[in-house]
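Survey of secondary and tertiary structure
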Amino acid sequence: MTDLVTIRSIALTAQINPLGAELTHLRDAGGRELMTDADPAFWTGHAPILFPVIGMPFEETIRVDGTAYPMKKHGFARRSLFEVIEAAEDCVTFALTDSAETRAAYPFAFRLELTYRIEGATLRIEARIANPADAPLPASFGFHPAFAWPLPYGEDRAAHRILFDADEPDALRTIAADGTIAEARRPSPLAGRELALRDDLFTEDALVWDHIRSQAVTYGAANGPQLRIAFPDTPMLGVWTKPGAAYVCVEPWHGIADPEGYTGEYRDKPGVFEVPAGGDKRIEMSMTLKG
């Protein structure tokens, strides 16, 4: 068990676990928890960092230059111990660099930094993926925060919804039995820009938008405080829970699970980006408590 790192403002307190650089608690000024209760009957995660893959690789394998490498769902960052490289009252930065262990699954040099910063009622999270090598670095990256459903303000679970900032008319992707992305699509469950949250939406796994127009959503009940979740740098979005659980995940992704049966090169799969040699890529999300 690693000790949690705490940052705070007058409005929010966040605690992050160096194991996975994972946001574990987010509490308001009254000490009320805005994150999942991590009930082991459903899921013990809180907000894993997804790197270098999103979702399930076909047969838990990626292929680089014709060589197969073992890769678990959502990658290895969430199971890796990050180093705390800078810490202050309202900000902390964690770093993970490649090692013999990571190169056995992902044969690239990299440095992944996660900076958590509280500014008033907003928690900002910035990922920086740096490429120290002299060739492009293929990668995917995603956030996976699980928010309390219901939020701790007395409103019924059934009153909670997610409001999108833009129209989202496209059909959603579907998830195959092995966790990859199936060919079939499903109709959008939105009414206008609103997703009314119900357990039966998630009986077949996550809702997956592979082309999201919105750069932010608002989550909560109409009559209570709400969370505004902004994701300006990610073109895909997942929303997920297990029916009956006391959380809902809003997951900004720059990447997606493998297409069903995919045996092509890792760098050619949908959602993979490349970090230029000697360069970096930054991906940010934020959570703001409103009302």
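Structure: above.
Residues numbered from 1 in each chain as written. Predicted model: local features only at pLDDT ≥ 70, side-chain atom pairs only at ≥ 80, totals over all residues. Heavy atoms only, no water.

1. With respect to the side chain of Glu113
Following the sequence through the fold, Glu113 ends up in strand S9 (residues 111-119). Polar contacts involving the side chain of Glu113 include one to the side chain of Arg111, which spans 2.7 Å. The contacts of Glu113, once residues within four sequence positions are left out, are Ile85, Thr93, Phe94, Ala95, Glu126, Ala127 and Arg128. (Helix = DSSP H or I, 4+ residues; strand = E, 2+ residues; numbered from the N terminus. Polar contact = N/O pair within 3.5 Å; in protein donor to acceptor, adjacent residues only side chain to side chain. Contact = heavy atoms within 4.5 Å.)

2. Here we look at the sheet that holds strand S3 (residues 22-28)
The three strands are arranged S1-S2-S3 in an open sheet whose pairing can be described as antiparallel. Each edge of the sheet is formed by a strand with only one pairing partner; in this case those strands are strand S1 (5-8) and S3. Adjacent strand axes in the sheet meet at a mean angle of 20°, parallel and antiparallel pairs treated alike. Bridge count between strand S2 (residues 12-17) and S3: six bridges; the pairing is antiparallel. Following the sheet pairing, Ile16 is matched in S3 by Leu23. (Pairing = 2+ DSSP bridges. Axes fitted to C-alpha atoms, helices over the stretch in contact; angles between N-to-C directions.)

3. Concerning the sheet that holds strand S19 (residues 216-221)
Across the sheet, which stays open at both edges, the nine strands sit in the order S7-S8-S9-S10-S24-S20-S19-S14-S17 with antiparallel pairing between neighbours. The sheet is open, and its two edges are formed by strand S7 (83-87) and strand S17 (194-196), each paired on a single side. Strand-to-strand twist in this sheet, taken as the mean axis angle between neighbours without regard to direction, amounts to 15°. As paired strands, strand S10 (residues 122-130) and strand S24 (residues 280-290) are joined by nine bridges and run antiparallel to one another. Note on S24: the bridge partner recorded for Ile129 is Lys281.

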